[in-house]
Amino acid sequence: MPFNAIPAEDFLNREPELNYLKGLSKLKANALGGDVFLDGARGMGKTELQKQLYRILFWENNVVPFYYSFKTANLKGTYFAQDYFTGFVRQYISFVKKDPSIANNVAEPLQRLMPTISSLGLYWLIDCIEDFQGHVNKNDFYWQLVAAISAPVMAAQKMGKPVIVMLDDFDEAAHLYESSLGDAHGLISLFGESMRNRLCPHVITGSAGALEPIFTDHSLIGMTERMRLGPLPEDLAIALFRAHLTNLKITCAPGVQLEFLDLLRGNPFYIKNLAKAAWKMQKNVITEKDLIECYSFEVSDGETAFYWASVFSRYVKNPAQSKAMLKLLMHAIENGGIEDGKRLSMVSGLGEAETETLLNALTTSGIMRVKDAVLHDFIHCLYMKEIEGRNVSDAREKIEAKYIQEREESCFELVIPMSSNAELVVAKAVEQIGKNINLDAEFLNYLQLALIEVCINAIEHSGSYEKKVFLKFITRPDKLEIIVENSGRPFSLESIKEVPVEEKMRLGMKRGWGYKLVHKIMDSVKVERVNDRTRVILTKNIDNGS
Amino acid sequence: MKSVQFSVASRREGDAAIIYPKGYLNNLSGENLVIECGIYIGKGITKIVVNFSETDLINSIGISMLLQIIEDLKNIKGTICCTNMSKLLRDTFEMLGLMQHMLVFPVESDALTYLKTGKL
Ligand SMILES: Nc1ncnc2c1ncn2[C@@H]1O[C@H](COP(=O)(O)OP(=O)(O)OP(=O)(O)O)[C@@H](O)[C@H]1O
Ligand SMILES: [Mg+2]
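What counts and what doesn't
Residues numbered from 1 in each chain as written. Chains lettered and ligands numbered in written order. Predicted model: local features only at pLDDT ≥ 70, side-chain atom pairs only at ≥ 80, totals over all residues. Heavy atoms only, no water. Near = heavy atom within 4 Å. Polar contact = N/O pair within 3.5 Å; in protein donor to acceptor, adjacent residues only side chain to side chain. Areas by Shrake-Rupley, 256 points an atom, 1.4 Å probe, with all protein chains shown as cover. Helix = DSSP H or I, 4+ residues; strand = E, 2+ residues; numbered from the N terminus. Nonpolar A, V, L, I, M, F, W, Y, C, P; charged D, E, K, R; others polar. Domains from an automatic or database assignment. Contact = heavy atoms within 4.5 Å. Buried area = accessible area lost by both parts, 1.4 Å probe. Salt bridge = Lys/Arg side-chain N within 4 Å of Asp/Glu carboxyl O. Buried < 20%, exposed > 50% of the residue type's maximum accessible area, 1.4 Å probe, protein only.

**Re the site of ligand 1**
Residue and element names in this part refer to chain A. Neighbouring ligand 1 are 19 residues, the closest being Leu12, Thr47, Glu48, Lys272 and Tyr307. With respect to ligand 1, the backbone of glycine 45 contributes an N or O atom lying 2.9 Å from an oxygen atom. Contacts to ligand 1 include lysine 272, whose side-chain N or O atom sits 2.6 Å from an oxygen atom. Isolated, ligand 1 exposes 630 Å² of accessible area, and the fraction of that covered by the protein chains is 91%. Within the residue set of the shell around ligand 1, elements represented by two or more residues are helix 3 (46–60) and helix 13 (268–280). Residues of the shell around ligand 1, tallied by class, amount to 9 nonpolar, 3 polar and 7 charged.

**Observations concerning the domain arrangement of chain A**
Accessible area lost on assembly of the parts is the figure often given for the size of an interface. In terms of domains, chain A is made up of domain 1 (2–228), domain 2 (232–406) and domain 3 (408–541). Relative placement of domain 1 of chain A and domain 3 of chain A: their C-alpha centres are 61 Å apart.

**Some words on the interface of chain A and chain B**
At the junction of the two partners, chain A supplies 27 residues and chain B supplies 26 residues. Together, the buried faces of chain A and chain B total about 2,500 Å²; carbon and sulfur atoms form 66% of this surface. Along the contact surface separating chain A from chain B lie 1 salt bridge. There are 6 residue pairs in polar contact (both at pLDDT 80 or more) connecting chain A and chain B. Counting residues per element, the side of chain A that touches chain B draws most heavily on helix 22 (residues 441–461) of chain A, at 9 residues. Of the residues contributing to the side of chain A that touches chain B, the split by class is 11 nonpolar, 4 polar and 12 charged.

**A short note on the pattern of salt bridges**
Residues and elements named next belong to chain A. Tallied over the entire structure, the rule returns 25 salt bridges over all chains. Residue glutamate 409 pairs with arginine 476 through a salt bridge whose shortest N-O separation is 2.5 Å. With glutamate 409 in the loop between helix 20 (392–407) and strand 8 (410–417) and arginine 476 in the loop between strand 9 (468–475) and strand 10 (479–487), this residue pair connects regions lying 67 residues apart in the sequence. Accessibility expressed as a relative area gives 12% for arginine 476, which makes it buried. One salt bridge connects aspartate 523 with lysine 540, and the closest N-O pair in it is separated by 3.7 Å. Taken as a pair, aspartate 523 in the loop between helix 24 (514–521) and strand 11 (524–530) and lysine 540 in strand 12 (residues 533–541) lie far apart in primary sequence, 17 residues in all. A relative accessible area of 42% means that aspartate 523 is categorised as partly exposed. Through salt bridges with shared partners, a single network forms among Glu466, Glu485, Glu528, Arg533 and Arg535.

In structure tokens form, the structure reads like this:
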């Protein structure tokens, strides 16, 4: 439905893109380009941009817009051909008559439109429809497809007016089939002819992972340029959220900064869903904490969860696969990516071959690559429910706790080289961090000592080639957490033996004292191994009473 | 925290040597400290006072170098006195079990009096 675009004034921050797309037909006429691949994260507004373009072109009357969504299309070739063809004819007549209802009325058979077409004098279109019907009657699969796909080109040539063809979620076209799924590869290449036509610029969307091989395989890439839709800037994201709230008659509590929205990274789909969640949860006046609550609803049961669940369902065939996929995704999130190798089938619980197939599907889908906190929370939530067997409210609570805590914390990161006296830089840094949170001055000295010890241990004993120590200081109202990480030789607390001083003197063994000090100074010391890194986690509880 | 570059100064007072480690006491500076003491011990001195008033940061490797000095003095029935130690330094020595192997005085003059008179 190209006509359900949001009001132009509510469509934020895409003016340059819209202006460029409006000029596509001129570019194409001059062979300067003219086919655009709209690339952007899910929900970033690719479809909306096409719809906005559609509306503008429709009323400007210089270029004919045609929009087709593959998302919901039936990919059986003959159905598709029929749908695509009639969709085009309807939209064309709709354009000529400036009557959106014609395009919107999908239930009306083409036959009923014949009188209108005649009255408009579009006799070539009648021929076109009859030709198409002829292929259908002859059951000619190939020509039905060709006739449908080339209809916009035909129209452009007959009328001399360019047609912009917008193919939404075009990667789905790779799955067009004749009688059963997967029986006909490469039907998507039939679009090549149409894309090359000077009168028909194309605006395409779809997963980059899935489209790239299509473009290279079918040499469709020549004139196609990539246009990247980035996130809405922070201020506009907030403005959009507030506008949604206003529409839903929800207000913000005084002083609410909506800082939590940063998490949505300017994604209009997430922003809209969060506002709707607030409405569903019957919030009238919203606080920062309400937002977190609405968010946890969104990633567990809201439209965002529904959206991602439906994306996932495309890649799995049965419950076992779906669990396996969840485990793999969770593994990827926890480890910052996925490594190759047989170990993964241990993670997924499926056989190697099946795991591999699943991984390939996930890679193509692009889900693996996205660094999207919302998606990660959705996965985490689902994981807690499906794999850990938690109930919904428990899972939601976990998500909320994470953000409530995060709101109160501040975080500093520091990387030092493994060179002499570098640990002093850390000591200096922690001194200031400690002052910022009013840590007791005396304790700060001990903290410096503890950190110096941990850093020296990393520098002296890790044998790391990277020669860097990564530090992260997280301060919360009730505790200070310091994470020290480095690559190289593993190290464990058990390996440090308690040796009394006398023994040390006798043996001339003068090292290994460091962690003794660290243990005495900190409230907890943990050592973990993450991939090839050693991670030491130091915590000190902060007593707010004194 | 000043963290000046480490250096060791020293002087003699009667039959005792007084050592002043300055700055960050780590492995390198600890070694210098050992060398400095070694020079006096080589000259027959058995009483050493380490005045920590200008030591700011330390690490365990630096401290462990002190073990060497303690041991060397033990072998010649000598005495090591530590003075002007910050609370951090004292606590650290305590945590590492070093205190019982040295004499600790609040200030340098206390140590010198003790060494001269044998009285605390
Ligand atoms: N620039 C914008 N300003 C305001 N709202 C927008 C903007 N872009 C998109 N939206 C709204 O955000 C939602 C998601 O947009 P849309 O469906 O176009 O995303 P998409 O990139 O096509 O997503 P998908 O990857 O799922 O196809 C829609 O409700 C749309 O109206
Ligand atoms: Mg879309």
